[in-house]
Amino acid sequence: MLLVLGVVLAVIGQGLGGYVQAKNEARDEASAVTPSGQFKGIMDVTRRGRQFESYRGIRYAEPPVGNLMFQPPKLMVKYDGVVNATAEGPYCPQPTEPGTYVDEDCLTINVHTPVKSARSKPLPVIVYMHSGGFYAGSGRSDIAGPHYLLDRDVVLATINYRLGSLGFLSTGDELAPGNNGFKDQVAALRWVRDNIAGFGGDPHSVTITGCSAGASSVMLHMISPMSEGLFHRAISMSWSPVDKAPLRSDMNDLAVKQARLLNCPTDSSKAIIDCLKTKSWKELGDSLDSFAEFAYDPIGIWLPIIEKDFGQERFLTMQPLDAIKEGKIHAVPYIISQTKDEFFWKAYTILENSTLTNQMNEEWDRVAPIAFMLPTTNRNNAVRQLKQAYLHDKPLTNSTESADGLGKLYGDSVIGFSVHRLANLMSRHSGQPVWYAEFDYTGNHSHYENPVTKKPTGAAHHDDLIYIFSLRAVFPDIGRDGPDAEMVDRMTALWYNMARYGDPNPRGDQPELKGVHWPRMTPQKRTYLSLDKTFSLRENLKEDRFQVWEKLYPISY
Ligand SMILES: *[C@@H]1O[C@H](CO)[C@@H](O)[C@H](O)[C@H]1NC(C)=O
Ligand SMILES: *[C@@H]1O[C@H](CO)[C@@H](O)[C@H](O)[C@H]1NC(C)=O
Ligand SMILES: *[C@@H]1O[C@H](CO)[C@@H](O)[C@H](O)[C@H]1NC(C)=O
Ligand SMILES: *[C@@H]1O[C@H](CO)[C@@H](O)[C@H](O)[C@H]1NC(C)=O
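Thresholds, definitions, all that
Residues numbered from 1 in each chain as written. Chains lettered and ligands numbered in written order. Predicted model: local features only at pLDDT ≥ 70, side-chain atom pairs only at ≥ 80, totals over all residues. Heavy atoms only, no water. Near = heavy atom within 4 Å. Polar contact = N/O pair within 3.5 Å; in protein donor to acceptor, adjacent residues only side chain to side chain. Nonpolar A, V, L, I, M, F, W, Y, C, P; charged D, E, K, R; others polar. Areas by Shrake-Rupley, 256 points an atom, 1.4 Å probe, with all protein chains shown as cover. Salt bridge = Lys/Arg side-chain N within 4 Å of Asp/Glu carboxyl O. Helix = DSSP H or I, 4+ residues; strand = E, 2+ residues; numbered from the N terminus. Buried < 20%, exposed > 50% of the residue type's maximum accessible area, 1.4 Å probe, protein only. Pairing = 2+ DSSP bridges. Axes fitted to C-alpha atoms, helices over the stretch in contact; angles between N-to-C directions. Contact = heavy atoms within 4.5 Å. 1 Å grid on protein atoms, 1.4 Å probe; cavity = no way out; pocket = protein on both sides within 12 Å on 5 of 7 lines; lining within 4 Å. Points joined across faces, edges and corners; volume = space filled by probe spheres on them. Parallel < 35°, antiparallel > 145°, perpendicular 65-115°, else oblique.

Let us look at the site of ligand 4. Near ligand 4 the following residues occur: Tyr-441, Asn-444, Gly-482, Pro-483 and Asp-484. One of the side-chain N or O atoms of Asn-444 is found 2.2 Å from an oxygen atom in ligand 4. In terms of residue class, the shell around ligand 4 is made up of two nonpolar, two polar and one charged.

Pasting the structure below:
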């Protein structure tokens, strides 16, 4: 952990320069009052040396423990005494390095806001929902840090939500109707509605943002009856719930699998849940790796489900595809993006291991549906056609050619195609503007760096986050100068504009976006912005590659 908890200043040297040392006596200024309670935070400093107030680890819901385990969240409406929001909360249960702070009592929100004297009017609010496939990740400041965005006049809130079985267990009956992790997010949004004004935020200007699992979540809030009215603009980076097949209405198979992994009986939902409740959160969190079926695949395990009606408050009541086409959505101005290379690096995990390469070659029909998350319908045809389209029917070898084909197949199947579907559907039906982008930039760091050269080799899944959030658990902070720094300036400018105008385009006051004009995507002219060293307009993002998917899994747009 690079971030030392409880330290007032996270001043990381490393020659970046420019950090202004916040004065110790400023510490007491980080206090906020809302209808729910009083909060004491800390002072922190941005990349450009601006002080801000930082409130960390605030519980937005009752601890989901004991009788509340596997239950929907209970929103915190009143706090006793002054809430100590000076220290980071835990990660929700998931496999982690030894020494990491993990706990099931993890339903926390961090709120970062400019100092009071710098807030003359209520500021636009950005809520960030983290990535991690619904089984990993966190809104903690060491991986979703505020030090870049708080150079803008925004209030940033980052949240945790329950993960894996603890968040998404669904047996298809009233004992576990499912989607609790999404209901956690809704609780956090309700908390923002009720409390954010006390932190200087405008509850009538909330931009929900997310990457990967968070991106998919953002889209679902536009459909959920529970989320209506809680947000006003949206940004989804790299994933969507409108994919190759409709969403299911339970994940009973995963409940059974989880039960087996922890030696629980599986003869009824009640038996499963009663037994899982006796297991520790650590056993549940640590069992993640055993869900893999081939190497580390599939990447996607827990997914949103359409909830059956047992009288509970339901997060999802209809298919996203139908909701979008029938206009049953709370549409808002929307930025949708994917990265150029997404999960391309997964190819190396196969090709640099001869056992896995042989297995994929010899058992393609069995392994491909796992690795590429293919639905059961049309499966035999799909595995054949995908092999033809991406690998030209050649066996995989440890070569550049195989790496390129297999890397694109991973990227398109797991992420890219679902984003393509979402952008095309929303730009056609939502009635609100859609701006589409591809993140193409490769800088000093990436979530995939070549193990030999230690250099980035593409724009991987999550790499756009590097220029929006400080990620001190993983990468050093970006300074003020150089191409990476310029990327931070431009990415945060787009987000700031989206949050304040509902439109990412500059209005003449941002030299970092000079010359940028980003038109909306329309069904006829599918323009997107390439976010590279220079921003440029292009059309028909990866559409040649997506043709095979459209044929295999046809929908009418
Ligand atoms: C707030 O929490 C931090 C970290 O747990 C602790 O060091 C500090 O003493 C607490 N402050 C108060 C006033 O309780
Ligand atoms: C190759 O993959 C297999 C199966 O996942 C694993 O057991 C083995 O350790 C891997 N070999 C190397 C050299 O990483
Ligand atoms: C695959 O190729 C890479 C780069 O040429 C090499 O370092 C690695 O040892 C090879 N792995 C296997 C299993 O052949
Ligand atoms: C990479 O980091 C170094 C050291 O901080 C910096 O000088 C350089 O400009 C950075 N490169 C890019 C592409 O930003």
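From this point, the narrative continues.
Further remarks concern the site of ligand 1. The environment of ligand 1 is made up of Asn-84, Thr-86 and Ala-87. At 2.4 Å from an oxygen atom of ligand 1 is found a side-chain nitrogen or oxygen belonging to Asn-84. Protein coverage of the free-state accessible area of ligand 1, which is 360 Å², stands at 26%.

Next up on the list: the pattern of salt bridges. All chains considered together, the criterion is met by 32 salt bridges. Among the salt bridges present, the one from Asp-489 reaches Arg-47, with a minimum N-O distance of 2.4 Å. Here Asp-489 is found in helix α13 (residues 483-501), whereas its partner Arg-47 is found in the loop between β3 (42-45) and β4 (51-59), with 442 residues between them in sequence. The same class applies to Asp-489 and to Arg-47, which are both buried. The shortest N-O distance in the salt bridge between Glu-401 and Lys-394 comes to 2.8 Å. For Glu-401, a relative accessible area of 47% corresponds to the partly exposed category. Here Lys-394 falls in the partly exposed class, since its relative accessible area comes to 42%.

Our next topic: the sheet that holds strand β13 (residues 527-531). Two pairing modes exist for strands in a sheet, parallel and antiparallel, and in both the strands are linked by backbone hydrogen bonds. The mixed open sheet is built from 11 strands, whose spatial order is β3-β4-β6-β8-β7-β9-β10-β11-β12-β13-β14. Of all strands in the sheet, those with a lone pairing partner are β3 and β14 (535-539), marking the two edges. Across the sheet, the mean angle from the axis of one strand to that of its neighbour is 25°, orientation sign disregarded. Here β3 runs beside β4; their pairing, made up of four bridges, is antiparallel. When the bridges of β4 are listed, Ile-42 appears paired with Ser-54. The strands touched by helix α2 (residues 180-195) within the sheet are β4, β6 (108-114), β7 (123-129), β8 (155-159) and β9 (201-211), with β7 carrying the most contacts at an inclination of about 165°. On the sheet, helix α3 (residues 213-221) packs against β7, β9, β10 (233-237) and β11 (334-339) and is oriented at approximately 130° with respect to β9.

This paragraph deals with the environment of Asn-179. Its place among the elements puts Asn-179 in the loop between α1 (164-168) and α2. For the pair Asn-179 and Glu-307, spaced 128 residues apart in sequence, the C-alpha separation works out to 7.8 Å. Beyond its immediate sequence surroundings of up to four residues, Asn-179 is in contact with Gly-167, Phe-168, Pro-304, Ile-305, Glu-307, Phe-315 and Leu-316.

Turning our attention to the layout of surface pockets. Quantified by volume, the largest pocket comes out at close to 1500 Å³. Looking at the lining of the largest pocket, the elements with two or more residues in it are α8 (346-351) and α12 (400-429). Taken together, the residues of the lining of the largest pocket break down into 26 nonpolar, 16 polar and three charged. Quantified by volume, the second largest pocket comes out at close to 820 Å³. As for the second largest pocket, its lining consists of 32 residues, and the residues nearest its centre are Arg-248, Gly-300, Leu-303, Met-373 and Leu-374. A class-by-class count of the residues in the lining of the second largest pocket yields 19 nonpolar, four polar and nine charged.

Our next topic: the sheet that holds strand β1 (residues 31-34). Taken in spatial order, the three strands make up an open sheet running β1-β2-β5, and their pairing is mixed. If you trace the sheet from one side to the other, it starts and ends with β1 and β5 (82-84), each paired once. Pairwise comparison of adjacent strand axes, ignoring direction, gives a mean angle of 25° for this sheet. In terms of strand pairing, strand β2 (residues 37-40) meets β5 through three bridges, oriented parallel. Bridge assignment links Lys-40 to a residue of β5, and that residue is Asn-84.

To continue, consider the side chain of Arg-162. Counting through the fold element by element, Arg-162 comes out in the loop between β8 and α1. Among the polar contacts listed, one links the side chain of Arg-162 to the backbone oxygen of Gln-71, at a separation of 2.9 Å. Reaching out from Arg-162, the side chain makes a polar contact with the side chain of Asp-184 at a distance of 2.8 Å.

Contact geometry of helix α10 (residues 364-371) with helix α11 (residues 379-391) gives a least axis separation of 10 Å together with a crossing angle of 85°. One way to sum up the angle between α10 and α11 is to call them roughly perpendicular. Residues Trp-364, Asp-365, Ala-368 and Pro-369 of α10 form the contact with α11, whose own contacting residues are Arg-379, Val-383, Lys-387 and Leu-391.

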